Amino acid sequence: MPGLVRRPLIIWLLAALAVPVLLTAVLIPAKAGTTEDDLRDRTVAALKARGIENASVDFDGRDAKIVVSGDADPAQVQAIAVGVEGVRSVRIEGGSTPTPTPTSTSAPAEESGVPAFEVGRTDRSIRVQAPVQSQAVKDAISAEVEQLLGPDRQYDDRTTIDPANGLADAAPLSALLRALAIGTGDASVRYDGDTVTLSGEVPDQATKATVGRAAAKAVPGAVLADQLQLPAPPKTALTEPCRTFQTRLAEFSRQYKINFLSGTSIVNDASKPSVVRAAAVLKTCTTVRVEVAGHTDDLGSPATSLPLSERRAAAVKAELVRLGVNADRILAHGYGQAFPIASNATGAGRIANRRAELRVVQGN
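Please read all numbers here as calculations on a predicted model, not as lab measurements. (Residues numbered from 1 in each chain as written. Predicted model: local features only at pLDDT ≥ 70, side-chain atom pairs only at ≥ 80, totals over all residues. Heavy atoms only, no water.)

Chemist: Can you tell me about helix α6 (residues 205-218), naming the residues and giving the values?
Modeler: If you check α6, its first and last C-alpha atoms are 20 Å apart, about what 14 residues at 1.5 Å a residue would give, namely 20 Å. Every buried residue of α6 is accounted for by T207, K208, A209, V211, G212, A214, A215, A216 and A218. Where α6 is buried, its residues contact α2 (74-82), α5 (171-180), β9 (187-191), β10 (195-201) and β11 (223-229). With a side-chain oxygen positioned 3.3 Å from the backbone nitrogen of A206, the residue opening α6 is D204. (Helix = DSSP H or I, 4+ residues; strand = E, 2+ residues; numbered from the N terminus. Expected span 1.5 Å × (residues − 1). Buried < 20%, exposed > 50% of the residue type's maximum accessible area, 1.4 Å probe, protein only. Contact = heavy atoms within 4.5 Å. Polar contact = N/O pair within 3.5 Å; in protein donor to acceptor, adjacent residues only side chain to side chain.)

Right under this line is the structure:
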């Protein structure tokens, strides 16, 4: 007999442990698929908005692969795709003839005509590291940088003259320099012969898209890895009423009580001014969320006390909203007779327990 009882319990235990594992296995791929579908849909929509109808778009995570027809401009397609929020990198393939995958860092430079380079900025400098074919190109880059430096930056010139493999003119870097000059902190665009990597911080989404388009134009057909970061939104400074709100609400709760008629969700006459005062306190700081907690005495059963306490909390919330407090700031919960603050053996104690309390919701 003991064996007959124990074996089903073990089976049920194993089943219970298996369910979360199975759910995880099912849900995680579903979520990843949903993200890829969303990126694909938004990228296709962005391309169609610019008149590019026949592009085939696929995503592996946040990395895009786009196959375009022979008459499409790969640089334009790449610039549009990299501007889509959430896209990390873009690779363009031209119809049935894909862009060759490089086997060394020198091969793509020869195909694109663009050697490896790096353009970057800090709060103190603008940096250009690239080979150029002539002194004239070097001077043209210097002139471009000088227009962008401003009073607080210097030019960190790392260009070298290489007539055989250098840049033939300054044009590929000009748009990049202008885009990167916007903002503060560290940011860079680096081309290693295969991938154009954008990294650092830009001030807003518009600048991020501008840098992406400039990078795609500088090296048409290259893989674009966008790792640019937007600044975190500034924290809103607490006003004095909000800073002291929790203390003032606690003091209010000590001084003023909200009690109910027995068996009802009607606030008694003595407590009605307390609800008005509570609304006034809540309106001094409009960003903090609060809970209205409803309670009962023990005259009823737990089965009836819980819904009664919920109705009491809801009634106080409704009155606070009528008095001008935003409903989204108020949570209303009932706790039945589980948390008395006085003895239910006396009438005064039961009145005290028939109450609603206000408290700050943690995590505001």
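Chemist: Quick one: what's the story with the pairing of strand β14 (residues 330-334), residue by residue and with numbers?
Modeler: Note: strand β13 (residues 290-294) against β14, 5 bridges, orientation parallel. In the sheet register, G294 faces β14, and the bridge partner there is G334. Traced from β13 through helix α10 (residues 302-322) to β14, the parallel crossover comes out right-handed. (Pairing = 2+ DSSP bridges. Right-handed = clockwise from strand over helix to strand, strands pointing away.)

Chemist: Describe in detail the state of the cysteines, supporting the description with residues and values.
Modeler: Taken as a whole and assessed by the stated rule, the structure comprises 1 disulfide. One disulfide in the model links C242 with C285; its S-S distance is 1.9 Å. Between C242 and C285, the S-S torsion sits near 105 degrees, and that sign places the bridge as right-handed. Placement of the pair is C242 in helix α7 (residues 240-243) and C285 in the loop between α9 (272-282) and β13, with a sequence separation of 43 residues. (Disulfide = S-S within 2.5 Å.)

Chemist: How would you sum up the pattern of salt bridges? Please name residues and give values.
Modeler: Evaluated as defined, the whole model comprises 16 salt bridges. E144 serves as the salt-bridge partner of R178, at 3.1 Å between the closest nitrogen and oxygen. Of the two residues, R178 sits in helix α5 while E144 sits in helix α4 (residues 135-149), which places them 34 residues apart along the sequence. Across the salt bridge formed by E240 and R243, the nearest N and O atoms sit 2.7 Å from each other. On the criterion of helical spacing, the pair formed by E240 and R243 is a turn pair, its members being 3 residues apart in helix α7. In this structure E240 comes out as partly exposed when scored by relative accessible area, which is 44%. (Salt bridge = Lys/Arg side-chain N within 4 Å of Asp/Glu carboxyl O.)

Read these as geometric descriptors, not functional statements.
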